[in-house]
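Understanding the architecture of this molecule
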Amino acid sequence: MGVKKKITDLDRRLEILLMKGKEDVMERLAEVEVYNEFKPWTPLKLVGLSYLPKQYLNIVQRQLKDKYRNLKVFYIDLFAGSGLNKIGNFPPLLGSPLLVIDCATQANGRFDYMYFVDSSPEYTDALKKRLEILSEFEEYSWIENRYKVITKDANKAADEISEELDKIKYKNCLVFIDPYKWEFKMENLRKMLNLYGDALITLQATLIAKEIGKYIRQGLREKTVNEITEFFGYRENIWRNFNTESKVKNAYIDIIKNYKGYVEDIVVRSGNNFNFKYFMIFTSKRKDPPWKNWIESLKVYVESFSGDLVEHCFNRMLGKEKRLTDIPHEKKTKGNTQKSLEDFNNQ
Ligand SMILES: C[S@@+](CC[C@H](N)C(=O)[O-])C[C@H]1O[C@@H](n2cnc3c(N)ncnc32)[C@H](O)[C@@H]1O
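Residues numbered from 1 in each chain as written. Predicted model: local features only at pLDDT ≥ 70, side-chain atom pairs only at ≥ 80, totals over all residues. Heavy atoms only, no water.

1. Overview of the sheet that holds strand β3 (residues 84-86)
Note the following rule: Note: two strands are recorded as paired if DSSP finds a minimum of 2 bridges between them. Here a helix means four or more residues in a row that DSSP labels H or I, a strand means two or more in a row labelled E, and each is numbered from the N terminus.
Read across the open sheet, the 3 strands follow the order β1-β3-β4; overall the sheet is mixed. At either margin of the open sheet sits one strand with a lone partner, and together these are β1 (36-37) and β4 (93-94). Taken together, the 2 bridges between β1 and β3 define a ladder with parallel strand orientation. Paired with E37 across the strands is K86, a residue of β3.

2. Comments concerning the site of the ligand
Under the convention used in this document: Any residue with at least one heavy atom within 4 Å of a molecule or strand is counted as near it. The protein chains shown are the only cover counted for residues, whose accessible areas, like all others here, come from Shrake-Rupley with a 1.4 Å probe. In this count, Pro and Cys sit with the nonpolar residues alongside Ala, Val, Leu, Ile, Met, Phe, Trp and Tyr, while Asp, Glu, Lys and Arg are called charged and the others, Gly among them, polar.
Every one of the 22 residues lining the ligand counts as a neighbour, but F79, S96, D118, A154 and D178 are closest to it. For the ligand, the protein covers 93% of the area, taking 600 Å² as the surface of the free molecule. In terms of residue class, the shell around the ligand is built from 9 nonpolar, 7 polar and 6 charged.

3. Let's talk about the pattern of salt bridges
Our working definition: Throughout this description, the term salt bridge denotes a Lys or Arg side-chain nitrogen within 4 Å of a carboxyl oxygen of Asp or Glu. Type-normalised accessible area, obtained with a 1.4 Å probe on protein chains alone, sets the label of each residue: buried when under 20%, exposed when over 50%, and partly exposed for intermediate values.
Scanning the entire structure with this criterion turns up 18 salt bridges. Of the charged contacts, one joins E160 and K152 as a salt bridge, the two residues approaching to 2.9 Å between their closest N and O atoms. In this structure E160 comes out as partly exposed when scored by relative accessible area, which is 36%. A salt bridge links E211 to K181; its shortest N-O distance comes to 3.3 Å. Residue E211 is located in helix α9 (residues 205-218), and its partner K181 is located in the loop between β7 (171-177) and α8 (186-194); the two are separated by 30 residues in the primary sequence. Judged by its relative accessible area of 17%, E211 is buried. K181 sits in the partly exposed class, given a relative accessible area of 22%. One network of salt bridges, in which partners are shared, links K22, D102 and E139.

4. Re helix α6 (residues 121-136)
To be explicit about the condition: Expected helix span is computed as 1.5 Å times (number of residues minus one). The contact definition used throughout considers only heavy atoms, calling two residues in contact when any of these lie within 4.5 Å.
Across its 16 residues, α6 extends 23 Å between first and last C-alpha, which sits within 8% of the 22 Å expected from 1.5 Å per residue. Looking at α6, one finds that the buried residues are Y123, T124, A126, L127, R130, L131, I133, L134 and S135. Of the surrounding elements, those touching the buried residues of α6 are α2 (23-29), β1, β3, α5 (96-105), β5 (113-118) and β6 (147-151).

5. Here we look at unusual backbone geometry
Positive phi, close to 60°, is recorded for M19, a residue that is not glycine. Even without a glycine there, the phi angle at N145 is positive, about 60°. Positionally, N145 belongs in the loop between α6 and β6.

6. Considering the sheet that holds strand β10 (residues 277-284)
Note the following rule: Simply put, an axis is a line fit to the C-alpha atoms, just over the touching stretch for a helix, and the angle between two N-to-C directions goes from 0 to 180 degrees.
Taken together, 7 strands build an open sheet; the order of strands is β6-β5-β2-β7-β8-β10-β9 and the sheet is mixed. Edge positions in the open sheet fall to β6 and β9 (262-269), since each of these has one partner strand only. Across the sheet, the mean angle from the axis of one strand to that of its neighbour is 15°, orientation sign disregarded. Of the strand pairs in this sheet, β7 and strand β8 (residues 197-203) are connected by 5 bridges, and their pairing is parallel. Considered in β8, the bridge of L174 is made with D198. Relative to β10, helix α3 (residues 43-50) is tilted by about 20°, and along the sheet it contacts β2 (72-77), β7, β8, β9 and β10. The sheet contacts of helix α4 (residues 52-65) involve β2, β7, β8 and β10, and relative to β7 the element is tilted by about 165°.

7. Focus on the packing of aromatic side chains
Here the distance between the centres and the angle between the planes together describe a pair of aromatic rings. Keep this limit in mind: Within 6.5 Å between ring centres, the rings of Phe, Tyr and Trp (the latter by its six-membered ring) count as paired, and their orientation is classed by plane angle as stacked under 30 degrees, edge-to-face over 60, tilted in between. Here, over-ring charges are defined by two tests on the NZ atom of lysine or the CZ atom of arginine: distance to the ring centre within 6 Å, and angle to the ring normal within 35 degrees.
Applying the stated criterion across every chain, the model contains 20 aromatic pairs. When the ring of Y75 is compared with that of F111, the centres are 5.6 Å apart and the planes differ by 45°; the resulting orientation is tilted. Highlighted residues: Y75 in strand β2 and F111 in the loop between α5 and β5, separated in sequence by 36 residues. Taken as a pair, Y75 and F111 share a single burial class, namely buried. An aromatic cluster of three or more residues is present, and its members are Y51, Y56, Y75, F111, F116, Y147, Y262, F282, W291 and W294. A cation over a ring is seen here: K45 above F38, with NZ or CZ 5.3 Å from the ring centre. Just above the ring of Y35 sits the side chain of K86; from NZ or CZ to the centre is 5.5 Å.

8. Observations regarding the environment of V225
Looking at the element boundaries, V225 is found in helix α10 (residues 222-232). Its relative accessible area of 15% is what places V225 among the buried residues. Spatially, the C-alpha atoms of V225 and Y215 are 8.3 Å apart, while their sequence positions differ by 10 residues. Not counting residues up to four positions away in its chain, the partners in contact with V225 are Y215, L220 and W239.

9. Here's the deal with the environment of E236
To be explicit about the condition: N or O atoms closer than or at 3.5 Å make up a polar contact, with two conditions inside protein: a donor-capable atom paired with an acceptor-capable one, and, for residues adjacent in sequence, both atoms drawn from side chains.
For E236, the location among the structural elements is in helix α11 (residues 236-239). Separated by 2.7 Å, the side chains of E236 and Y215 make a polar contact.

Structure below.
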């Protein structure tokens, strides 16, 4: 895939995050002046997430809902944020809860219920207000009485949500777990992985490996050591060996594989020099999920983008950089992308 095509695809995705064509909605959402502050590469995970709800709901609708009439479909966002994100002086972008709702609105089916969790009361207050505003618009009125915003530590909330969902016999869940670093404990990740369905998990493997390296060299506070222990669910004598990003990633994925048949990791990078990167781990219950090919294409796409490219696209959209040649050097995409992801998404 050439750079031009890549930019066009990314532009289209960023337009979804900016709610292009729905400026009236965005204007109302931005009346609440609380935002999560992000770096240019942060929206890339949201670009990845933006492809999921429609695919997920269409497949659930087509393959499961017809078979199991009582099936309930859930979305669980354990680190939901305020609903809108800001990158420097760029205009606000949809955060994960509102993005998922917007994408679900384009699907054949709907979520029966959505859980949005954040430990910050400031963010959950803003999110509650934004969800109320959103539900006033006809297009999004389906969300009324279909969500709960929970102001709690994700670990406690995960426990309560899994207990609540245990009572429901036929269910399928899409779970998004997006912590800053290692806030989500393994015992609770296991509960989420036990739910039937799919999950997208952000793994800050570089940051975590760096901290483990620091621990080996000079030690860390007891509180931090306990956090790492709970994050991996392994004793210190085991996790102290995870001092590289690939060891962190592999150890985490090995645990996930005990619960899920299919695991794919996607690298998100800040720029071509890979100064900073993190992983998005997509996982599905079935070994051979119906959207395996599609996830593999998604991997190729997201890995071809970078934070630098996002910044460039924003600048161009705002008229600050006009020519495609202004773009920071970008590699061509390898892999099977003959079928555009947009084509997949329109299915
Ligand atoms: C990376 S941001 C997530 C943003 C959101 N998922 C998005 O993409 O728009 C992480 C969020 O987790 C929240 N958070 C941090 N620690 C938490 C915890 N222990 N439990 C629940 N939320 C937490 C923060 O307040 C912040 O809003």
